[in-house]
Amino acid sequence: MPRATSDARLLIQSLSKAYAATPTNLKIIDLYVVFAVATALIQVAYMGLVGTFPFNSFLSGVLSCIGTAVLAVCLRIQVNKDNKEFKDLPPERAFADFVFCNLVLHLVIMNFLG
């Protein structure tokens, strides 16, 4: 059992060293993704405690959070300098795509609300 603990500790240390080299703009996007997922989890917990009376409102809120998190992950992939697939895509274009897709997502969410 101590070997598994030391292996886990080494894994966590190597991950933290690798993440320390991550650029600040990617860390900000990561924080935004964590916030969006945490907001979705809070909404699910609230729904579990209080009930599902306005169910379409609950679905709209959770899908909005998860959809925004997915779009932010796509933005992170496009902005990452180490990703060779999007090396010709300027970061401004990636951010414009992110904003446009968020507008479309939230228009659909507002339409779903009624």
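So, how was this worked out
Residues numbered from 1 in each chain as written. Predicted model: local features only at pLDDT ≥ 70, side-chain atom pairs only at ≥ 80, totals over all residues. Heavy atoms only, no water. UniProt positions renumbered as here; feature names shortened; annotations may be inferred. Helix = DSSP H or I, 4+ residues; strand = E, 2+ residues; numbered from the N terminus. Core = buried A, V, L, I, M, F, W, Y, C linked by side-chain atoms within 4.5 Å. Buried < 20%, exposed > 50% of the residue type's maximum accessible area, 1.4 Å probe, protein only. Contact = heavy atoms within 4.5 Å. pLDDT = per-residue confidence, 0-100. Salt bridge = Lys/Arg side-chain N within 4 Å of Asp/Glu carboxyl O.

Taking an unreviewed UniProt entry as the reference, the protein chain is identified by name as Dolichyl-diphosphooligosaccharide--protein glycosyltransferase subunit DAD1 belonging to Eleusine coracana subsp. coracana. The UniProt entry for the protein chain carries the following comment under Sequence similarities (unreviewed entry): "Belongs to the DAD/OST2 family." Of the comments in the UniProt record for the protein chain, the one headed Pathway (unreviewed entry) reads "Protein modification; protein glycosylation."

**Comments concerning the UniProt feature "transmembrane region" (unreviewed entry) in the protein chain**
Here, the residues flagged by UniProt with the feature "transmembrane region" (unreviewed entry) are residues 31-49, 55-75 and 95-113. Within residues 95-113, the helical portion is 100% and the strand portion 0%, while the C-alpha atoms at the span's ends are 27 Å from each other.

**As for the nonpolar core**
One finds Leu26, Ile29, Val33, Ala36, Ala69, Leu71, Ala72, Leu75, Val79, Ala94 and Phe98 forming the largest nonpolar core, which totals eleven residues. Secondary-structure elements contributing two or more residues to this core are helix H2 (24-50), helix H3 (55-79) and helix H4 (91-113). Residues within four places of Ala69 in sequence aside, it is in contact with Val33, Ala36 and Val37.

**Notes on the environment of Met110**
Among the structural elements, Met110 can be located in helix H4. Sequence separation of Met110 and Gly61 is 49 residues, and the distance between their C-alpha atoms is 10.0 Å.

**A look at the confidence of the model for the protein chain**
This prediction gives the protein chain a mean pLDDT of 91; 97% of its residues lie at or above 70. Taken element by element, the protein chain is modelled with least confidence in helix H1 (residues 2-20), mean pLDDT 85, and with most confidence in H2, mean pLDDT 95.

**Overview of the pattern of salt bridges**
In the structure shown here, the tally under the stated rule is two salt bridges. Note that Arg93 is salt-bridged to Asp97, the shortest N-O span being 3.2 Å. Of this pair, Arg93 and Asp97 both sit in helix H4, four residues apart, roughly one helical turn. With relative accessibility at 28%, the residue Asp97 sits in the partly exposed group.

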